[in-house]
Protein chains: 2
Amino acid sequence: MRTPVTIRNVATEAGVSISTVSKALNGTGHIGAKTREHVIAVANRLGFRPNDLAQSLHRGRSFSVGILSNDIYGRFTLPIVGGIEEALSDNRVSVFLCNAADDLERQKRHLDALLAKRIDGLILTARRTDYLAPLDIAALGIPVVHAYAQSAAPGAICILPDDEGGAYDATRHLIALGRKRIAHVGGPQSFEATRLRQAGYRAALKEAGLAPPPDSELFGAWSEEWGRDAARRLIDGKAGLPDAIVCGSDQIARGMADGLREGGIDMPGQTALVSFDNWDVIAAATRPALTTVDPNLKELGAQAGLTLLSLIEGKDVKPGIRRVPSKLIIRRSCGSPDRS
Amino acid sequence: MRTPVTIRNVATEAGVSISTVSKALNGTGHIGAKTREHVIAVANRLGFRPNDLAQSLHRGRSFSVGILSNDIYGRFTLPIVGGIEEALSDNRVSVFLCNAADDLERQKRHLDALLAKRIDGLILTARRTDYLAPLDIAALGIPVVHAYAQSAAPGAICILPDDEGGAYDATRHLIALGRKRIAHVGGPQSFEATRLRQAGYRAALKEAGLAPPPDSELFGAWSEEWGRDAARRLIDGKAGLPDAIVCGSDQIARGMADGLREGGIDMPGQTALVSFDNWDVIAAATRPALTTVDPNLKELGAQAGLTLLSLIEGKDVKPGIRRVPSKLIIRRSCGSPDRS
DNA sequence: GACGCTACGGAAAAGCTTTTCCTAAGTCAA
DNA sequence: TTGACTTAGGAAAAGCTTTTCCGTAGCGTC
């Protein structure tokens, strides 16, 4: 392990003082052009890289932030963290990743370490959008943004997906394709996301002068198995087969597609499907490939990162919930020309 | 944004010098018990948290490391990074996450930032195990470990999954269950992982005095579609249906299972399946649920983290490739009692 | 030649902590 | 009472950088 080159090494080699090196490299003070060029050449030759820790000590800003995730293993985490990392690294800020893992003791340890490292700010992420972060953010003394998580703290800033708007758009899309008897098969009702997606579905129906068919708003697990069960219920139901189904997630939709196909239903001919998540490994592999609402999680992460940056820079940011618009990804399951 | 409490604030409040505060809090030097208790009480009351940056400057170690991932969005990344993070945070080391995204310019920027922040070490991860990191690690001057990636650099340390051993175990398991005509349906031959899994399958067959049935070693994409195609080829093949199939991934196996079921084949009765990845969203949802090789990626990450820690602490670590043993996760597809 | 102004670079202070060296006070033994 | 030793705490230096203040030299003008 090599000792990094310090400003003193450069000063000695260049035959000037350390303040001259600093000024030459930073273009500050008054350093003659010849001296400046000479110092820069020496610094480059020696591979001098200023010690960021020392700089941070002096400038009062570390150009690092923490991501404290409550679910580092969850599939939503990847695009969110990816979006955060990209937005911040593009702005010279490095990102610590910490996994709290639903463990308050671990969370405390991470916070202690991050605060000791004088991070400029913190982003909290969770597994589900209705997660209430158990954290006194005011006591941290640094800017905090919640991404895919909420907070009971006054003045909190939360960046969330637009579940209601996404379901509204997806249902509108089906209506625009001429579908009239549209069912909704959601996840667990205990999830706010389930309820918001249902609300968006209902809003679109209402606006079109339609109503949900009888017994066609169903709820179950976030699983393919529930999707297959729901398919059987809709095939066997007294109300007749819906001509379209809004599924609460790609997994449910995949089960629904398998169940309908095995029940002899042609998709999207007899029944069209749309769903949520744009979880590619599922959505693209389902037969037919799923038209699905992409919650734009990478963009959500990027907005969280940039919002935190604004806070760090002392800009005014309006507190509260901000919802990132989703995108409808068209594949075959809805029956419109495949645009993917 | 509140200014953090410094050691000077504590010294002033406690009526002692800053060196006394440092000694009292660290249990160094000679500080009387009464003075020590008083200083600690004041420090706690003020919420003093030593500035880690200043400490790092003095002690020459930052207790932070970098993870430079070449695929932050890939599904292998989650458990690897999770394992790294957990192992290191349990040892007081914080983890920077950086996404190089197959972009040498971005990679350079990240490295510059990390080296300036005087990280203690670096872990490189990639999307595939045969990725050769394009990096002169000797020039970094800090310890480096590769996790799920390789390096042409002499003395490099690479932690990889045991693809060959996992396929060997899975195939041995099928043989132990009495299967005799065992096919192999892998991913792209351009992947080292495909070739190693095939080698493990062949080793187990050879050891049992068996041979691959004719036309039963097939290769295609990492996709369900390829799995369905392969199912048709095996059903229609002249060699007769194999009584077991080793699939190169869960995705391939899922397509295989769908293809076989739709071709009227009973699984695991007529044909048993094993596969690779233990990608839960696929493996558990496949009908029948997949017996699959878990490459133990979280453990791989943990070992990478602990290996880096040993390097940082100046311990002797043998260079080269280290393979983390996999685990065979038993579900229904192999035909043995469901132990999951 | 004297005075004033500006460019230039060095020394010192500052940011925050830890460690070392020094000094004073207290205690004990002769 | 004196000398030796130990405890206790403060001042200064160190880690690495940036910034400010100061002094000197050079140049131009009167």
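It should be noted that the structure appears before, not after, this text.
A quick note: this is a predicted structure, and the numbers were derived from the prediction, not measured. (Residues numbered from 1 in each chain as written. Chains lettered and ligands numbered in written order. Predicted model: local features only at pLDDT ≥ 70, side-chain atom pairs only at ≥ 80, totals over all residues. Heavy atoms only, no water.)

### Some details on the side chain of A:Glu85
Stage number 1. Residue placement: A:Glu85 occurs in helix 5 (residues 77-89).
Stage number 2. Despite its burial, A:Glu85 pairs with no opposite charge; the closest candidate is B:Arg106, at 4.7 Å N-O.
Stage number 3. If we ignore the near neighbours within four places in the chain, the residues touching A:Glu85 are A:Val95, B:Leu97, B:Cys98, B:Asn99 and B:His110. (Helix = DSSP H or I, 4+ residues; strand = E, 2+ residues; numbered from the N terminus. Buried < 20%, exposed > 50% of the residue type's maximum accessible area, 1.4 Å probe, protein only. Lys, Arg positive; Asp, Glu negative; His and termini not counted. Salt bridge = Lys/Arg side-chain N within 4 Å of Asp/Glu carboxyl O. Contact = heavy atoms within 4.5 Å.)

### Some details on the pairing of strand 8 (residues 244-247) of chain B
Residue and element names in this part refer to chain B.
Stage number 1. Residues of strand 8 alternate between two faces, with Ala 244 and Val 246 on one and Ile 245 and Cys 247 on the opposite face, all of them buried.
Stage number 2. Strand direction decides the pairing type here: strand 6 (residues 182-186) and strand 8, joined by four bridges, are parallel. Each bridged residue has a counterpart across the sheet, and for Val 185 the counterpart in strand 8 is Cys 247.
Stage number 3. Here three bridges tie strand 8 to strand 9 (residues 272-276), and the two strands are oriented parallel to one another. Looking across to strand 9, one finds that Val 246 is bridged to Val 274.
Stage number 4. With respect to chirality, the unit in which strand 8 leads through helix 10 (residues 250-262) into the neighbouring parallel strand 9 is right-handed. (Pairing = 2+ DSSP bridges. Right-handed = clockwise from strand over helix to strand, strands pointing away.)

### Section: the sheet that holds strand 7 (residues 217-219) of chain B
Residue and element names in this part refer to chain B.
Stage number 1. One open sheet accounts for six strands, arranged 7-6-8-9-10-12; its pairing is mixed. A single partner strand is all that each edge strand has here, and the edge strands are strand 7 and strand 12 (327-329). For this sheet the average axis-to-axis angle between neighbouring strands, irrespective of direction, equals 20 degrees.
Stage number 2. Its contacts with the sheet put helix 10 on strand 6, strand 8, strand 9 and strand 10 (291-294), and the angle it makes with strand 9 is roughly 160 degrees. (Axes fitted to C-alpha atoms, helices over the stretch in contact; angles between N-to-C directions.)

### Observations regarding the interface of chain A and chain B
Stage number 1. Between chain A and chain B, the contact holds 62 residues from the first and 62 residues from the second.
Stage number 2. Summed over both partners, the interface of chain A with chain B comes to about 5300 Å²; 53% of that surface belongs to carbon and sulfur atoms.
Stage number 3. In this assembly, chain A and chain B are joined by 30 residue pairs in polar contact (both at pLDDT 80 or more).
Stage number 4. With eight residues, helix 5 of chain A is the single largest residue contributor to the side of chain A that touches chain B.
Stage number 5. Taken together, the residues that form the side of chain A that touches chain B break down as 29 nonpolar, 13 polar and 20 charged. (Buried area = accessible area lost by both parts, 1.4 Å probe. Polar contact = N/O pair within 3.5 Å; in protein donor to acceptor, adjacent residues only side chain to side chain. Nonpolar A, V, L, I, M, F, W, Y, C, P; charged D, E, K, R; others polar.)

### Quick word on the packing of aromatic side chains
Stage number 1. Evaluated as defined, the whole model comprises five aromatic pairs over all chains.
Stage number 2. With 3.9 Å between their ring centres and 20 degrees between their planes, A:Phe96 and B:Phe96 make a pair best called stacked. Placement of the pair is A:Phe96 in strand 2 (residues 94-99) and B:Phe96 in strand 2 (residues 94-99), with the two residues belonging to separate chains. Note on accessibility: A:Phe96 and B:Phe96 belong to one class, buried.
Stage number 3. Note that A:Arg92 overlies the ring of A:Phe63, its terminal NZ or CZ placed 4.3 Å from the centroid.
Stage number 4. Looking at B:Arg61, its charged tip hangs above the ring of B:Phe63, at a distance of 4.0 Å from the centre. (Phe/Tyr/Trp six-rings, centres within 6.5 Å; stacked < 30°, edge-to-face > 60°. Lys NZ or Arg CZ within 6 Å of the ring centre and 35° of its normal.)

### Some remarks on the relation of the copies chain A and chain B
Stage number 1. Once chain A is rotated about the relating axis by 180 degrees and shifted along it by 0.0 Å, it coincides with chain B to within an RMSD of 0.1 Å. Within this description, the copies of the chain are treated as partners about a two-fold rotation axis. For chain A, the minimum C-alpha distance to the rotation axis belongs to A:Phe96 and amounts to 2.1 Å.
Stage number 2. In this assembly, 100% of the residues forming the interface of chain A have copies in chain B that are likewise at the interface, indicating an isologous arrangement. (Least-squares fit on C-alpha atoms with pLDDT ≥ 70 in both.)

### As for the protein's contact with DNA strand C
Stage number 1. Near DNA strand C lie 26 residues; those nearest to it are A:Thr20, A:Lys23, A:Gly32, A:Thr35 and B:Ile7.
Stage number 2. A share of 59% of the atoms of DNA strand C within 4 Å of the protein falls on sugar and phosphate groups.
Stage number 3. One of the side-chain N or O atoms of B:Ser22 is found 2.7 Å from a phosphate oxygen in DNA strand C.
Stage number 4. Within the side chain of B:Lys23, an N or O atom sits 3.1 Å from a base oxygen of DNA strand C.
Stage number 5. Those elements that place two or more of their residues in the surface near DNA strand C are helix 2 (18-26) and helix 4 (52-59) of chain A together with helix 1 (7-14), helix 2 (18-26) and helix 4 (52-59) of chain B.
Stage number 6. Element by element, the count of residues in the surface near DNA strand C is highest for helix 2 of chain B, at five residues.
Stage number 7. When its residues are assigned to classes, the surface near DNA strand C shows nine nonpolar, 14 polar and three charged. (Near = heavy atom within 4 Å.)

### Notes on the pattern of salt bridges
Stage number 1. One pass over the structure, following the stated rule, counts 49 salt bridges over all chains.
Stage number 2. The partner of A:Asp163 in a salt bridge is A:Arg197, with the nearest N and O atoms 2.9 Å apart. In this pair, A:Asp163 is assigned in helix 7 (residues 163-176) and A:Arg197 in helix 8 (residues 192-207), connecting sequence segments 34 residues apart. Residue A:Asp163 shares its accessibility class with A:Arg197, and that shared class is buried.
Stage number 3. A salt bridge links B:Asp258 to A:Arg254; the shortest N-O distance between them is 3.4 Å. On the criterion of chain membership, the pair formed by B:Asp258 in helix 10 and A:Arg254 in helix 10 (residues 250-262) is interchain, its members lying in two chains. Both residues of the pair, B:Asp258 and A:Arg254, count as buried.

### Section: the protein's contact with DNA strand D
Stage number 1. By nearness alone, 27 residues border DNA strand D, and A:Ile7, B:Thr20, B:Lys23, B:Gly32 and B:Thr35 come closest of all.
Stage number 2. For DNA strand D, the fraction of atoms within 4 Å of the protein that belong to sugar or phosphate moieties is 59%.
Stage number 3. Within the backbone of A:Asn51, a nitrogen or oxygen atom sits 2.9 Å from a phosphate oxygen of DNA strand D.
Stage number 4. Between B:Ser17 and DNA strand D, the recorded distance is 3.0 Å, taken from a side-chain N or O atom to a phosphate oxygen.
Stage number 5. The element that contributes the greatest number of residues to the surface near DNA strand D is helix 2 of chain A, accounting for five residues.

### Some points on the sheet that holds strand 9 (residues 272-276) of chain A
Residue and element names in this part refer to chain A.
Stage number 1. One open sheet accounts for six strands, arranged 7-6-8-9-10-12; its pairing is mixed. If you trace the sheet from one side to the other, it starts and ends with strand 7 (217-219) and strand 12 (327-329), each paired once. When the angles between neighbouring strand axes are averaged without regard to direction, this sheet yields 20 degrees.

### A short note on helix 10 of chain A
The α-helix winds at 3.6 residues per turn, so residues separated by three or four positions along the chain end up facing the same way.
Residues and elements named next belong to chain A.
Stage number 1. In a regular helix each residue adds 1.5 Å, so 13 residues correspond to 18 Å; helix 10 covers 18 Å between its end C-alpha atoms and thus fits that length.
Stage number 2. Counting buried positions over the 13 residues of helix 10 gives eleven, a clear majority of the element.
Stage number 3. When helix 10 is considered as a whole, its buried residues turn out to be Asp 250, Gln 251, Ile 252, Ala 253, Arg 254, Gly 255, Met 256, Ala 257, Asp 258, Gly 259 and Leu 260.
Stage number 4. Among the residues trailing helix 10, Gly 264 stands out with phi positive, at a value near 85 degrees. (Expected span 1.5 Å × (residues − 1).)

### Examining unusual backbone geometry
Stage number 1. A:Met267 connects to A:Pro268 through a cis peptide bond whose omega is 0 degrees.
Stage number 2. Turning to its location among the elements, A:Pro268 is positioned in the loop between helix 10 and strand 9.
Stage number 3. With a phi close to 60 degrees, B:Asn296 is a non-glycine residue in the positive phi region.
Stage number 4. Its location among the elements puts B:Asn296 in the loop between strand 10 and helix 12 (297-312).

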